[in-house]
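Listed below are the residues making up each chain.
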Amino acid sequence: TGKTRTLVTRIKHLLETGSTPASILALTFSNKASEEMRERLSVLNEDAAIQMWVGTFHAFGLEIIRKWPATVGRTDKLRVLDQAGSLALLEENLAKLPLRHYQNLYEPARDLVDVLRAISRCKDELISPATYLAEATAALATATNDEQTVAAEKAIEVAEIYQVYEHALREADAVDFGDLVALAAKLVDENPDVKEYVSDFKHVLVDEYQDVNFASAHLLEAIC
C-alpha cells in the first residue's frame with residue numbers, strides 16, 4: 001500500500017524485473033484517484049497500462065459480479081442503484097416495510113434515508129440482515145431503560161427493513177453501491193471460478209489504504 005507516486009514506482013519496478021502487466025491489480029477508492037493512477041501509468045508504459053487492472057474497489061467488484069451474476073441471484077442485465085434508486089425501491093415496497101419508529105406518513109422518504117445509511121454501513125461491515133436482527137433482538141432482551149429499549153427497537157426495525165430491501169433488490173435484478181464490494185467478497189470466498197480468476201493477480205497494490213472498510217479489507221484478503 002502507499003501513495004499514488006509510490007505505487008506507480010513499485011509497478012515500474014515490477015515491470016522492469018519481469019512481472020507481466022496482466023498480473024498487476026491496482027485498486028483505490030475514488031474515480032479521481034484511479035484516473036490519476038491510470039494517467040501516470042500510461043505515461044510510464046502505455047501498452048502495459050492497458051493490460052493491468054487499474055480502478056476502484058467498487059468497479060472491480062462490479063466486474064466480478066457481472067462475470068458471475070447468477071451466483072448472486074442476478075442476471076447479466078443487472079442494474080446498479082445509487083441512493084436515489086435505493087430509496088425509490090423502498091418506496092415501491094412501502095406496504096411491505098414494518099414501519100413503526102421510522103414511519104413518516106407525510107414524507108416517507110425522509111426517515112428511510114436514515115435506514116438506508118444503516119443498511120449501507122452493515123454492508124460495509126459484511127453484516128447480514130439475519131445477523132443484524134439477532135444482535136438487535138439480543139440488545140432488546142437486555143435493555144434496562146427506555147433509551148436502550150427504543151434504540152434496540154429501532155435496530156430491529158432496520159433489520160426487518162433490510163430483509164425486505166434485499167429481497168426487493170433481487171426481484172428488481174439490482175445491486176446497490178455496498179453490494180459491489182460485499183457480494184464480490186462473497187464470490188471470491190465461495191466460488192472456485194472466481195478464485196481462479198483473481199489468482200491471476202500476483203501483485204495487488206492499494207492506494208489510499210486508510211479509507212478501507214471491513215468489506216474491502218476482506219475482499220483484499222480473499223484475493224491474496
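Scroll up to find the structure this text is about.
Residues numbered from 1 in each chain as written. Predicted model: local features only at pLDDT ≥ 70, side-chain atom pairs only at ≥ 80, totals over all residues. Heavy atoms only, no water.

Now, about the nonpolar core: what can you tell me, with residues and values included?
Ranked by internal contacts, the top residues of the largest apolar core, which has 29 residues, are Phe57, Phe60, Ile64, Tyr197 and Leu219. Sorting the residues of this core by element identifies strand S1 (24-28), helix H4 (57-67), helix H9 (177-190), helix H10 (192-198) and helix H11 (214-223) as the ones contributing at least two each. Sort the elements by how many residues they give to this core and H9 lands first, with 7 residues. Not counting residues within four places of it along the chain, the set of residues in contact with Leu219 comprises Phe57, Val181, Ala184, Ala185 and Val188. In terms of nonpolar packing, the next biggest core, distinct from the first, is built from 22 residues, Leu89, Leu97, Tyr102 and Leu112 among them. (Core = buried A, V, L, I, M, F, W, Y, C linked by side-chain atoms within 4.5 Å. Buried < 20%, exposed > 50% of the residue type's maximum accessible area, 1.4 Å probe, protein only. Helix = DSSP H or I, 4+ residues; strand = E, 2+ residues; numbered from the N terminus. Contact = heavy atoms within 4.5 Å.)

Break down the sheet that holds strand S2 (residues 53-56) for me, with residues and values.
Across the sheet, which stays open at both edges, the 3 strands sit in the order S2-S1-S5 with parallel pairing between neighbours. Looking at strand neighbours, the two that pair on one side only are S2 and strand S5 (203-206), the edges of this open sheet. Averaged over neighbouring strand pairs, the angle between their axes works out to 15° when direction is ignored. Packed onto the sheet, helix H2 (residues 31-44) meets S1 and S2 and runs at close to 160° relative to S2. (Pairing = 2+ DSSP bridges. Axes fitted to C-alpha atoms, helices over the stretch in contact; angles between N-to-C directions.)

An account of the packing of aromatic side chains is requested, with residue identities and associated values reported.
Under the defined criterion, the tally for this structure stands at 5 aromatic pairs. Measuring from ring centre to ring centre gives 5.0 Å for Trp53 and Phe60, while their planes differ by 75°; the resulting arrangement is edge-to-face. Phe60 matches Trp53 in its accessibility class, with the two residues each being buried. Ring geometry for Tyr197 versus Phe201: centroids 5.9 Å apart, planes at 85°, classification edge-to-face. Under the relative-accessibility criterion, Tyr197 is labelled buried at 18%. Residue classification places Phe201 among the buried positions, given a relative accessible area of 10%. What links up through ring pairs into an aromatic cluster is the set Trp53, Phe60, Trp68, Tyr197 and Phe201. (Phe/Tyr/Trp six-rings, centres within 6.5 Å; stacked < 30°, edge-to-face > 60°.)

Lay out the pairing of S1 in plain terms, naming residues and giving numbers.
Counting buried positions along S1 yields 5 of 5 residues, so the element is predominantly enclosed. Where S1 and S2 come together, 4 bridges link them in parallel fashion. Each bridged residue has a counterpart across the sheet, and for Thr28 the counterpart in S2 is Thr56.

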